[in-house]
Each structure stands twice: as C-alpha cells, then as structure tokens.
Amino acid sequence: MSEAPVDPAQASGAAPPAEGEGFAQSKKGAKKAEAKAKKEAEKARKAAEREAAAAAQKAASGGNEDLAKDNYGDILPSTKVAADKVQLKNLGDEHIGKTVKLRAWIQNARMQGAKMAFVELREERNWTIQGVVSASAEGTPVSKQMVKWIGALRLESFVLVEATVQKPLEPVKSCRVSNYEFHLTKTYLISPGPEVLPLGLNAANRAIASFEDEDPSQAAAAPTEAVENLSLAESAAAPSASLSTHLNNPAMHKRAPVQQAIADVRMTVRKLFSEYLESKNFVQFEAPCLIGAASEGGANVFSLPYFEKQAFLAQSPQFYKQIEIAGGRKRVYCIGPVFRAENSNTPRHMTEFTGLDLEMEIEENYHEVIDMIEGVMLYIFRGLEQRCKEQIELIRAIYPSDDFLLPEPGKEVRLTFAEGQKLLREEGPEEFRNVSDDEDMSTPQEKALGALVRKKYNTDFYVLDKFPEGARPFYTIEDPENPKVTNAYDFFMRGQEILSGGQRIHRPDLLEARIRKKGIDPASPGIREYVDVFRSAGVPPHGGGGIGLDRVVAWYLNLPSVHLTSYYPRTPKRLSP
Ligand code: ATP
C-alpha cells in the first residue's frame with residue numbers, strides 16, 4: 001500500500017506563518033490541506049485495490065504465461081514422450097481412453113475458432129486419423145497458443161504426437177481410421193513441410209494428367225499447386241499433374257498411396273515369379289550388366305568407356321542363361337536390369353527395365369517351356385488376386401480397369417502366329433485384311449488381336465507360337481518340320497507383348513549355320529565366344545524366355561504407361577532422379 005501524500009508546504013521546509021491574520025489564514029489552509037490529503041489518500045487506496053484485484057485475477061488465470069509451452073514446438077534432443085507407440089492399422093476399442101504416441105505427416109490442418117483445431121495425421125500409405133486439439137480453461141495440457149501453432153502447421157510436416165484415443169461422435173469419413181480420433185495432448189515438429197508444396201498429395205494421388213515427353217533440363221521449375229486444405233477423400237476437385245511434375249517431385253510422387261500400391265504389386269510379382277520357379281527346382285543366378293561385346297544386335301546397345309577399351313550394357317541376360325545351362329544347371333532364372341539404347345518414347349518402352357528371365361533343359365518338346373512359363377504367369381496372376389487385393393482396389397479407384405480375365409484351368413489359349421494372323425484377317429479391323437504370315441506383327445495388330453482373343457476366348461492372357469523365321473534372332477531354332485517358322489513364342493497380356501522366348505540352338509554346327517544365314521560373321525566379337533561355349537562341351541536342348549516386369553505390372557493393372565510402374569523410369573529423355 002502506498003503512503004499518504006505529504007503537504008507540499010511542509011515538505012518544502014518553508015517557515016510557518018506568523019500569528020494574527022496570518023494565523024487565521026493558516027488555520028483555514030491547514031483544513032484545506034487536510035481535506036486534500038484525505039482525498040489523495042482515498043485515491044491511492046482505490047488504485048491499490050484495483051492493482052491487487054488485477055494481480056489476483058492474473059494469478060488465478062495463469063496470466064500470459066503459456067502453461068502448455070512444454071507440450072508443443074520444435075522437437076528437442078531432450079524431448080521424450082513416454083506413451084506407448086501405436087500403429088494406426090492396429091487401433092481397436094482396447095485403445096479407447098488410452099494415451100498413445102505416433103509419428104506422422106500432417107495431411108491437413110485447420111483452425112476451428114480460436115480454441116480448437118483439427119489435423120489429419122497420416123502414418124503411412126493412406127492410413128490417416130483425425131486429430132483434435134482443444135484449449136482447456138486451465139491452459140494445460142493444451143493452451144490457445146498451442147492450438148494456434150498446431151492449426152498453422154504446414155502440410156507434409158513430420159510430427160510426433162501424444163494423444164488420447166477416443167470415439168468420435170460420428171465416423172470421420174475423410175480418414176481411413178474413421179471410428180477413432182486422437183485428442184492431442186502433445187505435438188512436436190520433427191521436420192517441417194515446405195511453405196508451398198510443389199506437388200500436393202491430392203494431385204500426386206490422382207491419375208497422371210499427361211505423359212508428354214518431358215525435357216529434364218526445362219523441368220526443374222515444376223508447376224506449383226495451390227496449397228490444399230483438403231483431405232484425400234475430398235480430393236476429387238484437386239488438379240492432377242503431368243508425369244514430369246510427378247517425377248520431378250519424387251518424394252510426393254512416392255508418398256501417394258497409389259504409387260505405393262503399384263510398388264507393392266511390382267514386388268509381389270517378383271516374389272511370385274521366384275516362388276513358383278523355385279518350387280519347380282529352378283535355381284537363381286546373377287548375370288553381368290557390363291559386357292565386352294554388343295553380341296546380340298549392336299544398334300540398341302549402350303556403350304561406355306572402360307579403361308582403355310569400350311564396354312556395353314547388357315541388353316539381355318540371354319547368353320548367360322545359356323552358359324548356366326551349358327554349365328550343368330538344369331533350370332535357372334535371374335532378375336535384373338536390362339538396357340536398351342532405343343530412342344522409343346512410347347508408354348511401353350524404357351531404356352532400362354527389369355527382366356524376369358528363365359531358361360531350362362528341354363527333354364522332349366519345347367512346349368515344356370511354354371507350359372512352365374504359362375504356369376508361372378498364371379501363378380503370378382492368381383497370387384496377385386489374393387495377396388494384393390487391397391492394393392488393386394486402391395489402384396482401380398484411380399486408374400479404372402476391368403478385371404484381368406484368366407483362362408479357365410485347362411483352357412489356356414495358344415495360337416500359332418499364322419492362326420493369329422488369320423483371325424486378324426477374317427475378324428479384325430479393315431486395315432488388317434491382308435496381314436502376312438511371314439512378317440512380324442505391329443503393335444496395333446497385336447492390340448487388335450488381343451481384343452479378338454478376349455471376345456472369342458474370354459481371356460486377357462494368351463500365347464502366340466511359331467513366329468516366322470525372319471522375326472527371330474539367330475540363336476532361335478527353326479521348326480524342323482517347317483523352317484519358315486521357329487520354335488519361338490510371345491506371351492501377351494491385354495493384347496500387348498510381355499515375353500519373348502523360344503527354343504535355342506544347342507549344337508554348334510547348326511548355330512554357326514544359322515548365324516551365317518542371318519548375315520552375321522560367326523567370328524565377330526562376342527559371337528565367337530558364344531559359339532565356343534557350345535563347342536567346348538555338349539549342351540542339352542534348352543529354351544526359355546524373358547519377361548518385362550514393368551509391362552506385366554502395367555498391363556495387369558491396365559495402367560497407361562510402364563513409366564508408372566518403374567521406381568525410377570529411364571527413358572531417352574529422363575535420367576533423373
Ligand atoms: P518390343 O518389340 O515391344 O520393343 P522386344 O521384342 O524388343 O519388345 P524383347 O527383346 O523380346 O522385346 O524383350 C522381352 C521382353 O522385355 C518384352 O516382351 C517386354 O516385356 C520387355 N521389354 C523389351 N523392351 C523393353 C523396353 N524398352 N522397355 C520395357 N520393357 C521392355
């Protein structure tokens with residue numbers, strides 16, 4: 001409490017007034033001064049009271065101090081959240097009322113008034129949950145400042161949260177976890193998202209808008225998308241982006257649940273391929289990528305300096321599969337990169353793709369190989385139906401497609417090349433009325449035949465056998481009964497080639513003769529060493545095939561391009577990321 005003010009006359013130390021008139025006057029003055037002092041004292045008392053009331057109120061409310069300040073903000077090395085870790089896909093009623101912790105991305109954040117905010121938290125793929133954060137009257141564990149901070153978190157920031165699991169009043173339609181929500185009690189920012197996302201998740205998770213041939217040197221500045229405050233479920237109106245925008249923003253391209261589902265299907269195909277072949281006693285081997293001679297063709301082989309020499313990137317593991325058979329392996333397979341220096345800017349081609357290759361001894365007839373390849377493909381298709389049901393559904397919601405039609409067991413479709421051409425001539429489109437049995441099929445012919453086969457045999461998977469001699473490489477064996485055709489086949493999915501294969505020549509004399517017939521010098525680099533393998537030891541009859549993994553995935557899912565199925569597509573115009 002402040003002291004009463006002192007009379008200024010006294011305080012100044014001036015002499016007291018003299019007696020008489022002066023005295024009378026001073027008596028009056030003293031009264032006046034006394035009244036004034038009283039008034040001042042009253043004023044001071046009231047001010048003190050006001051101050052005391054304000055201080056009491058401040059103490060009661062916590063004042064301006066943020067009582068939740070330790071429950072949010074940038075994560076520190078000392079930050080610890082003791083609650084149990086939870087995975088969204090495992091959330092159940094047993095978690096209700098429990099406090100849990102989760103690391104997740106901010107998929108959406110919005111304020112609801114000054115005291116409440118909603119966030120959508122994405123743990124992985126499309127596993128999302130609604131987070132609610134609401135300031136309490138006491139200002140802890142959540143304060144208004146904390147709510148404001150969370151509501152302003154940038155999209156795709158990575159956070160650690162502590163929350164109590166609760167049942168929402170109504171299911172949260174915008175989130176995959178719709179029956180529970182998180183009531184946040186702590187939120188720490190581990191890694192902030194950018195101010196503006198160059199490719200938002202909504203766009204990344206939509207069908208690619210265009211597959212224009214992009215020029216990487218011009219593609220650095222990706223079109224920016226307006227910051228979205230929409231959940232994935234509300235994203236129908238979000239813009240879609242071109243393939244170059246996707247590929248120039250690999251982190252967001254890969255965060256899209258659809259891309260992760262495609263990657264799952266891809267890896268499942270690889271696994272199923274190995275699984276089936278190993279159950280049939282195939283052994284895996286590894287073929288080299290760097291080779292010393294462009295032995296299989298020449299024109300479409302990448303070359304590179306190799307010390308003082310030149311090296312090439314293998315355009316197939318063909319010779320190596322055969323060397324394995326020559327080396328006494330009865331059945332082999334390999335999975336690896338294949339390089340083609342073809343300037344083909346089509347949805348079917350890449351300059352690097354993954355080959356699923358196999359080779360096996362033939363005991364009686366090369367149809368043993370066709371049986372095996374048919375078997376492995378059907379195993380893959382049936383396996384995908386079972387193991388990737390969820391992913392296929394997710395992909396179909398974005399890239400709609402009809403079911404991939406499989407032949408009934410025992411009714412697999414195998415046509416000879418000549419039968420396929422006949423079907424095209426007789427029942428195909430007008431422009432294919434005169435197709436010849438001696439010339440390879442064009443892509444439009446293949447597609448038209450695929451449509452005819454689907455209609456006639458109710459399958460999207462079939463084999464064309466006995467390709468014309470002119471359409472197959474020098475190592476393919478000719479049909480002993482009709483040298484105009486070969487013991488070689490292609491496999492098709494939805495009318496598009498996914499595999500080429502055949503019986504190989506295993507006798508060096510026949511091999512050399514066919515090499516000459518094809519106009520190739522048997523002594524040329526690479527060829528001579530190849531033929532020498534068959535001269536060096538007797539090699540059993542054998543055959544096999546090479547499957548393009550990227551195409552199997554793309555055509556099974558009916559995607560518009562193989563570039564979508566590859567992790568890092570390489571095309572004539574793209575070498576990054
Ligand atoms: P295409 O005629 O379609 O270019 P190809 O006849 O050259 O193919 P092969 O050399 O027989 O193909 O290769 C076997 C398989 O490898 C093909 O059926 C296909 O699945 C895949 N493949 C071939 N080239 C490519 C490529 N450039 N990009 C992606 N996959 C390919």
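Structural data are supplied above this passage.
Residues numbered from 1 in each chain as written. Predicted model: local features only at pLDDT ≥ 70, side-chain atom pairs only at ≥ 80, totals over all residues. Heavy atoms only, no water.

**Student:** With reference to specific residues and values, describe the overall build of the protein chain.
**Tutor:** When helices and strands are counted, the protein chain shows 15 helices and 20 strands. Within the structure as shown, the protein chain displays about 29500 Å² of accessible surface, and the carbon and sulfur contribution to it stands at 51%. (Helix = DSSP H or I, 4+ residues; strand = E, 2+ residues; numbered from the N terminus. Areas by Shrake-Rupley, 256 points an atom, 1.4 Å probe, with all protein chains shown as cover.)

**Student:** Go over the sheet that holds strand S8 (residues 283-284) with me, naming the residues and quoting the values.
**Tutor:** Hydrogen bonds along the backbone pair up the strands of a sheet, which may run parallel or antiparallel. The eight strands lie next to each other as S8-S12-S13-S20-S19-S18-S15-S14, forming an open sheet whose pairing is mixed. Two strands close off the open sheet at either side, each with one partner strand: S8 and strand S14 (413-416). The pairing of S8 with strand S12 (residues 331-339) spans two bridges and is classified as parallel. Within the sheet, the bridge partner assigned to Gln284 lies in S12 and is Tyr333. The sheet contacts of helix H11 (residues 417-427) involve S14 and strand S15 (461-465), and relative to S14 the element is tilted by about 90°. (Pairing = 2+ DSSP bridges. Contact = heavy atoms within 4.5 Å. Axes fitted to C-alpha atoms, helices over the stretch in contact; angles between N-to-C directions.)

**Student:** How would you explain the packing of helix H7 (residues 257-279) against helix H9 (residues 367-387) if you had to name every residue and give the values?
**Tutor:** Two packed helices can be described by the angle between their axes and the distance between those axes. Orientation of H7 relative to H9, taken along the N-to-C sense of each, is 135°, at an axis distance of 9 Å. Between H7 and H9, the angle is such that the two are oblique. When you trace H7 past H9, the crossing you get is right-handed. Here Val265, Thr268, Val269, Leu272, Phe273, Glu275, Tyr276 and Leu277 of H7 come into contact with H9, specifically with Met372, Gly375, Val376, Tyr379, Ile380, Gly383, Leu384 and Arg387. Here the residues of the contact of H7 with H9 sort into 11 nonpolar, three polar and two charged. (Parallel < 35°, antiparallel > 145°, perpendicular 65-115°, else oblique. Left-handed = near helix turned anticlockwise from the far one by under 90°. Nonpolar A, V, L, I, M, F, W, Y, C, P; charged D, E, K, R; others polar.)

**Student:** Give a detailed account of helix H10 (residues 389-398), specifying residues and quantitative values.
**Tutor:** Three or four residues apart is the spacing at which side chains of an α-helix point the same way, because the helix has 3.6 residues per turn. Burial in H10 covers these residues: Gln391, Ile392, Ile395 and Ile398. Buried residues along H10 cover an arc of 120° about the axis, so they all sit on one side. Turned more than 90 degrees from where H10 packs its buried face, Lys389, Glu390, Glu393 and Ala397 sit exposed. On its buried face, H10 is in contact with H7, H9 and helix H15 (549-556). (Buried < 20%, exposed > 50% of the residue type's maximum accessible area, 1.4 Å probe, protein only. Arc of directions from axis to C-beta.)

**Student:** Pulling in residues and values, what's your account of the nonpolar core?
**Tutor:** Looking at soluble globular proteins, one finds that nonpolar side chains tend to be buried together. Ranked by size, the top nonpolar core spans 67 residues in total, and within it Phe273, Met377, Phe491 and Met493 carry the most contacts. In terms of residues, this core owes the most to one element, H9, which gives 10 residues. Apart from residues lying up to four places away in sequence, Met377 is in contact with Phe461, Phe491, Met493, Ile498, Ile547 and Val552. By size, the runner-up hydrophobic cluster in this structure holds 31 residues, among which are Tyr72, Ile129, Ala135 and Val177. (Core = buried A, V, L, I, M, F, W, Y, C linked by side-chain atoms within 4.5 Å.)

**Student:** Provide a residue-level description of the sheet that holds strand S9 (residues 290-291), including the pertinent values.
**Tutor:** One open sheet holds the three strands; their spatial order is S9-S11-S10, and the pairing between them is antiparallel. What marks the edges here is a single partner per strand, and that holds for S9 and strand S10 (303-306). Direction of pairing for S10 relative to strand S11 (residues 309-313): antiparallel, over a ladder of four bridges. Bridging across to S11, Leu304 finds its partner in Ala311.

**Student:** Run through the packing of H11 against helix H12 (residues 443-457), naming residues and quoting values.
**Tutor:** In contact at an axis separation of 10 Å, H11 and H12 are set at 85° when each is read in the N-to-C sense. Comparing the axis directions of H11 and H12 gives the class roughly perpendicular. Contacts between H11 and H12 involve Gly420, Gln421, Leu423, Leu424 and Glu427 from the first element and Gln445, Ala448, Leu449, Leu452, Val453 and Lys456 from the second. Counted by class, the contact of H11 with H12 contains six nonpolar, three polar and two charged residues.

**Student:** Hey, could you go over unusual backbone geometry for me, with residue numbers and the actual values?
**Tutor:** The linkage connecting Thr140 with the following residue, Pro141, adopts the cis geometry, with an omega of 5°. Tracing the backbone shows Pro141 in the loop between strand S5 (127-134) and helix H3 (144-151). With an omega of 5°, the peptide bond running from Ser576 to Pro577 counts as cis. Position of Pro577 relative to the elements: it lies in the segment after H15. Of note, Asn281 is a non-glycine position whose phi angle comes to about 70°, a positive value. Its identity is not glycine, yet Lys466 carries a phi of approximately 60°, on the positive side. Turning to its location among the elements, Lys466 is positioned in the loop between S15 and strand S16 (478-479).

**Student:** So what's going on with the site of the ligand? Residues and values would help.
**Tutor:** The ligand sits among 13 residues. The nearest are Arg340, His349, Glu497, Ile498 and Ser500. Glu497 places a side-chain nitrogen or oxygen 2.5 Å from an oxygen atom of the ligand. Expressed as a share of its isolated accessible area of 580 Å², the protein-covered part of the ligand is 79%. When atom positions are compared with the pocket grids, the ligand is found to occupy the largest pocket. Taken together, the residues of the shell around the ligand sort by class into four nonpolar, four polar and five charged. (Near = heavy atom within 4 Å. Polar contact = N/O pair within 3.5 Å; in protein donor to acceptor, adjacent residues only side chain to side chain. 1 Å grid on protein atoms, 1.4 Å probe; cavity = no way out; pocket = protein on both sides within 12 Å on 5 of 7 lines; lining within 4 Å. Sits in = over half its atoms within 2 Å of the grid points.)

**Student:** Just give me the short version of the side chain of Thr354, but keep the residues and values in it.
**Tutor:** As for its placement among the helices and strands, Thr354 is situated in strand S13 (residues 352-361). Excluding residues that lie within four positions of it along the chain, Thr354 makes contacts with Arg266, Arg270, Ile335, Gly336, Ile547, Gly548, Leu549 and Asp550.

**Student:** With reference to specific residues and values, describe the layout of surface pockets.
**Tutor:** Quantified by volume, the largest pocket comes out at close to 1100 Å³. If you trace the largest pocket, you find 46 residues lining it, with Arg340, Phe353, Glu497, Ser500 and Gly546 closest to the centre. Taken together, the elements giving at least two residues each to the lining of the largest pocket come down to helix H8 (318-326), S13, H12, strand S18 (488-493), strand S19 (496-504), strand S20 (542-548) and H15. Here the lining of the largest pocket gets nine residues from one element, more than from any other, and that element is S19. (Points joined across faces, edges and corners; volume = space filled by probe spheres on them.)

**Student:** How would you summarise the state of the cysteines if you had to cite specific residues and measurements?
**Tutor:** Following the criterion strictly, the structure yields zero disulfides and no others. Between Cys289, a cysteine without a disulfide, and Cys334, which holds the nearest cysteine sulfur, the sulfur-to-sulfur distance is 9.8 Å. (Disulfide = S-S within 2.5 Å.)

**Student:** Run through the packing of aromatic side chains, naming residues and quoting values.
**Tutor:** By the definition in use, this model includes 20 aromatic pairs. When the ring of Tyr366 is compared with that of Tyr489, the centres are 6.3 Å apart and the planes differ by 5°; the resulting orientation is stacked. Taken together, the residues Tyr366 in the loop between S13 and H9 and Tyr489 in strand S18 connect sequence positions 123 residues apart. Assigned by exposure class, Tyr366 and Tyr489 land together as buried. Here the aromatic rings of Phe381 and Phe461 are separated by 5.1 Å at their centres, their planes lie at 75°, and the arrangement is edge-to-face. Of this pair, Phe381 sits in helix H9 while Phe461 sits in strand S15, and the two are 80 residues apart along the sequence. For the residue pair Phe381 and Phe461, the accessibility class agrees, reading buried in each case. What links up through ring pairs into an aromatic cluster is the set Tyr366, Phe381, Phe404, Phe461, Tyr489, Phe491 and Tyr556. Directly above the ring of Tyr568 sits Lys254, whose terminal nitrogen or CZ lies 4.3 Å from the centroid. (Phe/Tyr/Trp six-rings, centres within 6.5 Å; stacked < 30°, edge-to-face > 60°. Lys NZ or Arg CZ within 6 Å of the ring centre and 35° of its normal.)

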